[in-house]
Amino acid sequence: MTREPLRPVLYDDARDVVRVLDQKRLPVDEVWLELSTAEQVAAAIKDLTVRGAPAIGVAAAYGIAVEARRGADVARLRAAAELLVHARPTAVNLAWAVRRMGRRIGLGAEVILAEAHAIRDEDEAACRRIGALGAPLIPPRAHVLTHCNAGALATAGYGTALGVVRAAVEAGNPISVFADETRPFLQGARLTAWELHRDGIPVTILTDGMAGWLMQRGEIACVVVGADRIAANGDVANKIGTYALAVLARHHHLPFYVAAPWSTVDLGTPAGDAIPIEERGTEEVVTLAGQRIAPVGVPARYPAFDVTPAALVSAIITERGVLRAPYDASLRTLAAE
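Parameters and conventions
- Residues numbered from 1 in each chain as written.
- Predicted model: local features only at pLDDT ≥ 70, side-chain atom pairs only at ≥ 80, totals over all residues.
- Heavy atoms only, no water.
- Axes fitted to C-alpha atoms, helices over the stretch in contact; angles between N-to-C directions.
- Helix = DSSP H or I, 4+ residues; strand = E, 2+ residues; numbered from the N terminus.
- Parallel < 35°, antiparallel > 145°, perpendicular 65-115°, else oblique.
- Contact = heavy atoms within 4.5 Å.
- Nonpolar A, V, L, I, M, F, W, Y, C, P; charged D, E, K, R; others polar.
- Salt bridge = Lys/Arg side-chain N within 4 Å of Asp/Glu carboxyl O.
- Buried < 20%, exposed > 50% of the residue type's maximum accessible area, 1.4 Å probe, protein only.
- Disulfide = S-S within 2.5 Å.
- UniProt positions renumbered as here; feature names shortened; annotations may be inferred.
- Pairing = 2+ DSSP bridges.
- Phe/Tyr/Trp six-rings, centres within 6.5 Å; stacked < 30°, edge-to-face > 60°.
- Lys NZ or Arg CZ within 6 Å of the ring centre and 35° of its normal.
- Expected span 1.5 Å × (residues − 1).
- Left-handed = near helix turned anticlockwise from the far one by under 90°.
- Core = buried A, V, L, I, M, F, W, Y, C linked by side-chain atoms within 4.5 Å.

Asks: If you had to explain the packing of helix α1 (residues 38-46) against helix α3 (residues 74-85) to someone new, which residues and values would you point to?
Replies: The axes of two packed helices give the description: the angle between them and the distance between them. The contact between α1 and α3 brings their axes to 9 Å, and the two run at 5°. As summarised for this structure, α1 and α3 are arranged roughly parallel, according to the angle between their axes. Along its contact with α1, which presents Ala38, Glu39, Val41, Ala42 and Ile45, the element α3 presents Arg76, Ala80, Leu83 and Leu84. Residues belonging to the contact of α1 with α3 are distributed by class as follows: seven nonpolar, no polar and two charged.

Next comes the structure, spelled out in structure tokens:
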């Protein structure tokens, strides 16, 4: 029996609530939260209840819509937009979605909700197109390595990096996935593994330090990751640890692919060194599942993202097309189209 597609952010029109799958509770508990204010949506974005660049953009759009449907005036809606746009700094999809919603403020609650629905629907359609364009890049029977979670849980549905995986499987290519566990929040072990296992796609979890050895042994055919922001020159911000995988892939002569919707492309940011990198709290590093794993008094760092230079990226897969270097030119060409 085919399972229903996984869509982690929804809007209940009848009850005027934003429904989000609590990703902090996975894989143990599948819990849906009902959010009725922009403040609740912003909090869910900040604490990673909902995460993934496209998904937080969709959630923010619905955060503005729920306020409009509950009678907020223009001033309140603009304040809600300001709150949401600052919930997390690195993923450009968040600001993109809030700006798009801001152009509908003042046009009525139904127009605002329709725009939020459009953002959600367009994102899922973009993911499916990314999958269709990216699937032919995956070798037959490949073992594909991915990092963090760039699947249905990180988007409106279907996924970016995992959209490529899903499309390859649907096209008859029996590939399997190695999922980096992705410390410190274990998005790979908890989320990528959960949704692939849910869909019957073979997946094996690796610790973050294992990929290089398996590449050396010839057990990995390619790397496919998502992105939180792509600069105008093709530099890519993604979950911390991505840059190291790109260096390893280059050393072992393996393709390193980035899959992301066009809304992740930020032509206003010239290069990766201009991308703001979120630094999260040290407690997220020194604790695991609520238990402390490091000595009290020892500091930790948690830059949540890193930047992979464009020179290490084999291709960028968007719904508009597959881009190759030089990315400053190919990105401008697609933008013009």
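Asks: Got a sec to walk through the pattern of salt bridges? Specific residues and values, please.
Replies: Across all of its chains, the model carries 26 salt bridges by this definition. Two residues, arginine 100 and glutamate 122, come together in a salt bridge whose shortest N-O distance is 2.8 Å. Note that arginine 100 is positioned in helix α4 (residues 92-102) and glutamate 122 in helix α5 (residues 109-134), a separation of 22 residues in sequence. Measuring nitrogen to oxygen at the nearest pair gives 3.2 Å for the salt bridge that ties glutamate 124 to arginine 128. Remark: arginine 128 and glutamate 124 occur in helix α5; sequence separation between them is four residues, near one turn of the helix. Here glutamate 124 falls in the buried class, since its relative accessible area comes to 6%. Residue classification places arginine 128 among the partly exposed positions, given a relative accessible area of 37%. Through salt bridges with shared partners, a single ionic network connects Arg7, Arg120, Asp121, Glu124 and Arg128.

Asks: Describe the state of the cysteines, with residues and values.
Replies: Applying the stated criterion across every chain yields a total of zero disulfides. Looking at the unpaired cysteine 222, the closest cysteine sulfur is the one in cysteine 148, lying at 18 Å. Taking the relative accessible area as the measure of exposure, cysteine 222 reaches 1% and is therefore buried.

Asks: Tell me what's going on with the UniProt feature "active site" (unreviewed entry) in the protein, and back it up with residues and numbers.
Replies: Mapped onto this numbering, the UniProt entry gives "active site" (unreviewed entry) at Asp228. Taking relative accessible area as the criterion, aspartate 228 reaches 10% and is therefore assigned buried. In this structure aspartate 228 touches Ala53, Thr90, Ala91, Val92, Asn93, Ala237, Asn238, Lys239, Thr264 and Phe305, once residues within four positions along its chain are discounted.

Asks: Outline the pairing of strand β6 (residues 203-206), listing residues and values.
Replies: Where strand β5 (residues 176-180) lies against β6, four bridges are found, and the strand directions are parallel. If you follow valine 177 over to β6, its bridge partner there is valine 203.

Asks: An account of the sheet that holds strand β11 (residues 265-266) is requested, with residue identities and associated values reported.
Replies: In spatial order, the strands read β11-β8-β9-β14; together these four strands make up an open sheet with mixed pairing. The open sheet has two edge strands with one neighbour each: β11 and β14 (305-308). Pairing of strand β9 (residues 236-239) with β14, which is carried by four bridges, proceeds in the antiparallel orientation. Within β14, the position partnered with valine 236 by the bridge is threonine 308.

Asks: Tell me about the packing of aromatic side chains, residues and numbers included.
Replies: As enumerated under the stated definition, the model contains one aromatic pair in all. Taking NZ or CZ as reference, lysine 239 lies 4.7 Å from the ring centre of phenylalanine 305, over its face.

Asks: Give me helix α2 (residues 53-69): which residues, what numbers.
Replies: With 17 residues, α2 extends 25 Å between its outermost C-alpha atoms, agreeing within 8% with the 24 Å of an ideal straight helix rising 1.5 Å per residue. Burial of α2 is extensive: 16 of the 17 residues sit out of reach of the surface.

Asks: Would you mind going over the environment of serine 330 in detail, with residue names and values included?
Replies: Tracing the chain through its elements places serine 330 in helix α11 (residues 327-336). Residues serine 330 and lysine 46 lie 284 residues apart in sequence; the distance between their C-alpha atoms is 33 Å. Ignoring anything within four residues of it in the chain, the contact list for serine 330 reads Leu323 and Arg324.

Asks: Please set out the sheet that holds strand β1 (residues 9-12) residue by residue, giving values where relevant.
Replies: The strand order across the open sheet built from three strands is β1-β2-β3, with neighbouring strands paired in antiparallel fashion. Looking at strand neighbours, the two that pair on one side only are β1 and β3 (32-35), the edges of this open sheet. Geometrically, the sheet is characterised by an average inter-axis angle of 25° between neighbouring strands, direction not taken into account. Two elements, strand β2 (residues 17-21) and β3, share four bridges in a ladder whose sense is antiparallel. Bridging across to β3, valine 20 finds its partner in leucine 33. On the sheet, α2 packs against β1, β2 and β3 and is oriented at approximately 15° with respect to β1.

Asks: Before we move on, can you summarise the packing of α2 against α5 with the specific residues and values?
Replies: Following both chains from N to C, one finds α2 and α5 inclined at 165°, their axes separated by 8 Å at the closest point. Viewed along their axes, α2 and α5 adopt a mutual orientation that is roughly antiparallel. The chirality of how α2 crosses α5 is left-handed. For the pair α2 and α5, contact is made by Pro54, Val58, Ala61, Tyr62, Ile64, Ala65, Ala68 and Arg69 and by Ala109, Glu110, Ile112, Leu113, Ala116, His117, Ile119, Arg120 and Asp123, respectively.

Asks: Could you give an account of the nonpolar core, with specific residues and numbers?
Replies: A general trend in soluble globular proteins is that nonpolar side chains are found buried together. If you look at the biggest cluster of nonpolar residues, it comprises 40 residues, and the most contacted ones within it are Val9, Val18, Ile45, Tyr62, Ile64 and Leu84. Mapped onto this core, the elements with two or more residues apiece are β1, β2, α1, α2, α3, α4 and α5. Here the element with the most residues in this core is α2; it accounts for twelve residues. The contacts of valine 9, once residues within four sequence positions are left out, are Val18, Arg19, Val20, Val50, Ala55, Val58, Ala59, Tyr62 and Arg120.

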